[in-house]
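Reading the structure
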Amino acid sequence: MSPSQPLPPRENTLFKRILKCYEQKQYKNGLKFAKQILCNPKFSEHGETLAMKGLTLSCLGRKEDAFEHVRRGLRNDLKSHVCWHVYGLLQRSEKKYEEAIKCYRNALKLDKDNIQILRDLSLLQIQMRDLEGYKDTRYQLLVLRPTQRASWIGYAMAFHLIKDYETALKILEEFRKTQVMVKPFDYEHSELLLYQAMVMKEAGMYDELLMHLDTFEPQIVDKLYISETRAELNLLLENYATAEALYLELLGRNPENWAYYEGFEKSRRPSTEEERLAVYRERAEKTPRAHAPKRLPLNFTTGETFTQLIDRFLRQALHKGIPPLFVTLRKLYCERWKVETIENLVLGYVESMKSCSKFNPADDDSVLEPPTVLLWAYAFLAQHYDYLGNTAKALEYVNTAIEHTPTLIELYVIKTKIYKHAGNVEEAVRCLDEAQSLDTADRYTNSKCAKYMLRANMIKEAEEMCAKFTREGVSAVDNLNEMQCMWFETESMRAYQRLGKWGEALKKCHEVDRHFTEIIEDQFDFHTYCMRKMTLRTYVGLLRLEDILRQHPFYFVSARCAINVYLRLHDKPMTDSEDNENTSSENLDPSELKKLKNKQRKEKKKAQQEKLKQKALQEKKEQHNKAKQAEEVEGPKEEELVPEKLARPKDALEEALCFLRPLQLLSGSQIETHLLAFEIYYRKGLRNVDR
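Anyway, here's the lowdown on the structure attached to this text. (Residues numbered from 1 in each chain as written. Predicted model: local features only at pLDDT ≥ 70, side-chain atom pairs only at ≥ 80, totals over all residues. Heavy atoms only, no water.)

Examining helix H15 (residues 258-268)
The complete set of buried residues in H15 reads Tyr260, Tyr261, Gly263, Phe264, Glu265 and Ser267. Where the residues of H15 are buried, they touch helix H13 (223-236), helix H14 (240-253), helix H16 (273-286) and helix H17 (292-295). Capping the start of H15 is the job of one residue whose side-chain oxygen sits 2.9 Å from the backbone nitrogen of Ala259: Asn257. Two residues or fewer past H15, Arg269 is found with a positive phi of approximately 50°. (Buried < 20%, exposed > 50% of the residue type's maximum accessible area, 1.4 Å probe, protein only. Helix = DSSP H or I, 4+ residues; strand = E, 2+ residues; numbered from the N terminus. Contact = heavy atoms within 4.5 Å. Polar contact = N/O pair within 3.5 Å; in protein donor to acceptor, adjacent residues only side chain to side chain.)

Re the packing of helix H5 (residues 81-93) against helix H6 (residues 97-110)
Where H5 contacts H6, the two axes come as close as 8 Å, and the packing angle between them is 165°. For the element pair H5 / H6, the angle class is roughly antiparallel. H6 is crossed by H5, and the crossing has left-handed handedness. Where H5 approaches H6, its residues His81, Trp84, His85, Tyr87, Gly88, Leu89, Gln91 and Arg92 are matched on the opposing element by Tyr97, Glu99, Ala100, Cys103, Tyr104, Asn106, Ala107 and Leu110. Each residue belonging to the contact of H5 with H6 can be placed in one class, and the counts come to 9 nonpolar, 5 polar and 2 charged. (Axes fitted to C-alpha atoms, helices over the stretch in contact; angles between N-to-C directions. Parallel < 35°, antiparallel > 145°, perpendicular 65-115°, else oblique. Left-handed = near helix turned anticlockwise from the far one by under 90°. Nonpolar A, V, L, I, M, F, W, Y, C, P; charged D, E, K, R; others polar.)

Focus on a nonpolar patch on the surface
Residues Phe185, Tyr187 and Val221 make up a contiguous nonpolar surface patch of about 360 Å² in total accessible area. With respect to the helices, strands and loops of the structure, Tyr187 is situated in helix H11 (residues 187-202). (Patch = residues over 30% accessible without salt bridge, like charges linked within 9 Å, V, L, I, M, F, W, Y side chains within 5 Å. Areas by Shrake-Rupley, 256 points an atom, 1.4 Å probe, with all protein chains shown as cover. Salt bridge = Lys/Arg side-chain N within 4 Å of Asp/Glu carboxyl O.)

Focus on the environment of Ala156
By secondary structure assignment, the location of Ala156 is in helix H9 (residues 149-161). A relative accessible area of 0% means that Ala156 is categorised as buried. Through-space distance from the C-alpha of Ala156 to that of Leu131 is 12 Å; in sequence the pair is 25 residues apart. Once residues lying within four places of it in the same chain are set aside, the contact partners of Ala156 are Ala168, Ile171 and Leu172.

Regarding the packing of aromatic side chains
The geometry of two aromatic rings is summed up by the distance between their centres and the angle between their planes. In the structure shown here, the tally under the stated rule is 20 aromatic pairs. On the numbers, 5.8 Å between centres and 10° between planes, the contact of Tyr385 with Tyr397 is stacked. In this pair, Tyr385 is assigned in helix H21 (residues 372-388) and Tyr397 in helix H22 (residues 391-404), connecting sequence segments 12 residues apart. Summarising the burial analysis for this pair, Tyr385 and Tyr397 share the class buried. Among the aromatic side chains, those forming a connected cluster through ring pairs are Phe326, Tyr333, Phe380 and Tyr387. Between the NZ or CZ atom of Arg455 and the centre of the ring of Tyr452, over which it lies, the distance is 5.7 Å. The cationic tip of Arg537 hangs over the ring face of Tyr225; the distance from NZ or CZ to the ring centre is 5.1 Å. (Phe/Tyr/Trp six-rings, centres within 6.5 Å; stacked < 30°, edge-to-face > 60°. Lys NZ or Arg CZ within 6 Å of the ring centre and 35° of its normal.)

Brief notes about empty space enclosed by the protein
In total, this model carries 1 cavity of 30 Å³ or more according to the counting rule given. In this structure, the largest cavity encloses a volume near 40 Å³. Surrounding the largest cavity, Leu318, Ile322, Pro323, Leu325, Phe326, Trp376, Ala379, Phe380 and Gln383 form its lining. Every element with two or more residues in the lining of the largest cavity is listed here: helix H19 (325-329) and H21. The biggest single contributor to the lining of the largest cavity is H21, with 4 residues. (1 Å grid on protein atoms, 1.4 Å probe; cavity = no way out; pocket = protein on both sides within 12 Å on 5 of 7 lines; lining within 4 Å. Points joined across faces, edges and corners; volume = space filled by probe spheres on them.)

A closer look at the side chain of Asn114
Mapped onto the fold, Asn114 is located in the loop between H6 and helix H7 (115-127). Within the structure, the side chain of Asn114 is placed 3.1 Å from the backbone nitrogen of Gln116, a separation counted as a polar contact. A distance of 3.1 Å separates a polar atom in the side chain of Asn114 from the backbone nitrogen of Ile117. Leaving out residues up to four positions away in the same chain, Asn114 has contacts with His81 and Leu108.

A closer look at the state of the cysteines
Applying the stated criterion to the full structure yields 0 disulfides. Lacking any disulfide linkage, Cys21 is separated from the closest cysteine sulfur, that of Cys59, by 12 Å. In this model Cys103 remains outside any disulfide bridge; the closest cysteine sulfur is found in Cys83, 11 Å from its own. (Disulfide = S-S within 2.5 Å.)

Focus: the pattern of salt bridges
In the structure shown here, the tally under the stated rule is 34 salt bridges. We note a salt bridge from Glu173 to Arg176, for which the minimum N-O separation is 2.6 Å. Of the two residues, Glu173 and Arg176 both sit in helix H10 (residues 165-177), 3 residues apart, roughly one turn of that helix. In this structure Arg176 comes out as buried when scored by relative accessible area, which is 16%. The closest approach of N and O atoms between Glu202 and Arg544, which form a salt bridge, is 2.8 Å. Within this pair, whereas Glu202 is found in helix H11, its partner Arg544 is found in helix H31 (residues 536-547), the two being separated by 342 residues in sequence. You can call Glu202 partly exposed: its relative accessible area is 28%. Owing to a relative accessible area of 36%, Arg544 belongs among the partly exposed residues under this scheme.

A closer look at the environment of Leu653
Inspection of the secondary structure assignment puts Leu653 in helix H36 (residues 652-666). Leu653 sits 322 residues away from Lys331 along the chain, and the two C-alpha atoms are 42 Å apart.

A look at the layout of surface pockets
In this structure, the second largest pocket spans a volume of roughly 750 Å³. Together, 27 residues line the second largest pocket, and His510, Asp513, Glu655, Cys658 and Phe659 are the ones closest to its centre. Elements supplying a minimum of two residues to the lining of the second largest pocket: helix H29 (502-522), H31, helix H32 (553-571), helix H35 (643-646) and H36. Counting residues per element, the lining of the second largest pocket draws most heavily on H36, which supplies 6 residues. When its residues are assigned to classes, the lining of the second largest pocket shows 14 nonpolar, 1 polar and 12 charged.

Concerning the side chain of His384
On the secondary structure map, His384 appears in helix H21. Once residues lying within four places of it in the same chain are set aside, the contact partners of His384 are Phe326, Tyr333, Val339 and Glu343.

Topic: helix H2 (residues 27-38)
Here H2 contains 12 residues, and its C-alpha end-to-end distance of 16 Å stays within 8% of the 16 Å for a straight helix at 1.5 Å per residue. All buried positions along H2 are accounted for by Tyr27, Gly30, Leu31, Phe33, Ala34, Ile37 and Leu38. Buried residues of H2 fall within an arc of 165° about the axis and therefore sit on the same side. Exposed and oriented more than 90 degrees from the buried face of H2 are Lys28, Lys32 and Lys35. (Expected span 1.5 Å × (residues − 1). Arc of directions from axis to C-beta.)

A word on the nonpolar core
The biggest cluster of nonpolar side chains holds 117 residues, and the ones touching the most others in it are Ile310, Leu314, Leu329, Phe380 and Ile563. Ranked by the residues each element gives to this core, the list is headed by H21, at 11 residues. Not counting residues within four places of it along the chain, the set of residues in contact with Leu329 comprises Arg295, Leu298, Ile310, Phe313, Leu314 and Phe380. (Core = buried A, V, L, I, M, F, W, Y, C linked by side-chain atoms within 4.5 Å.)

This is the structure we're talking about:
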């Protein structure tokens, strides 16, 4: 209770009930108790009660009233840590983290040992990556609660994140010594030991890490991590015999892991091509069904050796009928002679299969190959010639394959890609639509078809295609936006950009930007969860991922599109009378213009009807969930993205800069970033000169 505004016993009991109601989410009861205190003329301006009433109103979604009450309470009692804490909670709910931190610091000046305020402050500091401040706050929590595991782990992690590995390890070791009774298969204790191992590895303490793994192996649940780390460290420390034995053990566990083969080969230290090949032949004999030891030697073998190996590899794959065979071998296409060897072999298979149903007429084996071998050979050749840019031959082979087996969906997908690479997007859509019709329950072909439709600027058709797999009662576009389906939104924005629908394109760009913002905000929920569940290695990985999140290609595509559209709107702003959905009517004759206007009028009417329908559904849904929503804490409502408004920005270059800054920070290695920056700053310079 605030010393400047003490409450008598009766009102103090009511105030405690308000706090309890807030903790139990009984917000309406909390408001009743607050009203009983504030109705008394003596306490009508009681600061802490007003603040708690404001916090309760905030939980009911009444943000304006909430801020009014909290500010009033703070004015009446500036020396109350409760008022400052509540004001900080409101600022945090509005995503104003810097302001919230200031409020928490003011609260701590009045009550420096308040555990809850310190915890809330530490969450905001790690969210904002104020690592030095986070370290100081975690130290205060450790001093106040030295028996709690989270206090030790949080303090150690603060040093880890600022790369003071030695101090982090000392803190972790001191805490580990307090763990006397360790249960068998204790996952949380195992994660603590593995987190120590992670810090040691990042610090380059390889010998100490090996000793750590040897000492605590019985207590570590993740045995695979132990084996992989030991093998990797022994290889780094040049303990080749030990590394070889460990990699052999790992290959026995998973003979398809390419990284294991790479480590095993390095531990053997082969100096010639024959020695390298012997490594893989040995493993192929031990695991004859494994695919990796047969594929990897193709990367480095040459001459007759390569021909023999690729011949055997192709025969097995075509006999088995492996659809991604070409994708598996595509990396070999960087060497021309290997491409010619593969081409000659597969063409020979085709001719031989036609004549005698064997890979080679000279084969002694009397067993004939199944007809599917010829089918997959045709499919491989179609992809082969498509990759080489020979569209005519690629289409010839894929059409032959379709004649052979007209119900194989993979063939239509191959044909689609051939047309796409040839620049005929409309024909690619037709092929993929046919593939989709063969299996309407296949979500992959459905999504691919929608993607190609968008590339052909068939936006409405793409939305209808996606509607087959989206939630009923909600439009496909809204549902895909809700699910953060960014491939659809990036393809849509580019389609709108090509059509000159600048507002719609910008709407999609801002939607993708909001998705990334939401992902960054969502990490807030994991700061306490990961500490509690001891998923420490994953948590550190999450923090590092969030720091570079906007490096993702989806963000780059949306930012590039937004910048280009804003540059166009800066160069040629849209007038109030200009129709955002029509930019090509100037060159039409009167009759065509009349038809176009009629068509646009019908489309507009249809769109309005659809909008009214969706609005009615949304209102119905909101009414259905009204009681539930009343109990939830709502964040700040985002401004609605209106295409017409977006297409007429007040300052197009400033809007473009908002998208450019993350690219400059995280994608500086891409030349497009600097070209886009030049276009913006060049125009800003011209604008300043004009002034």
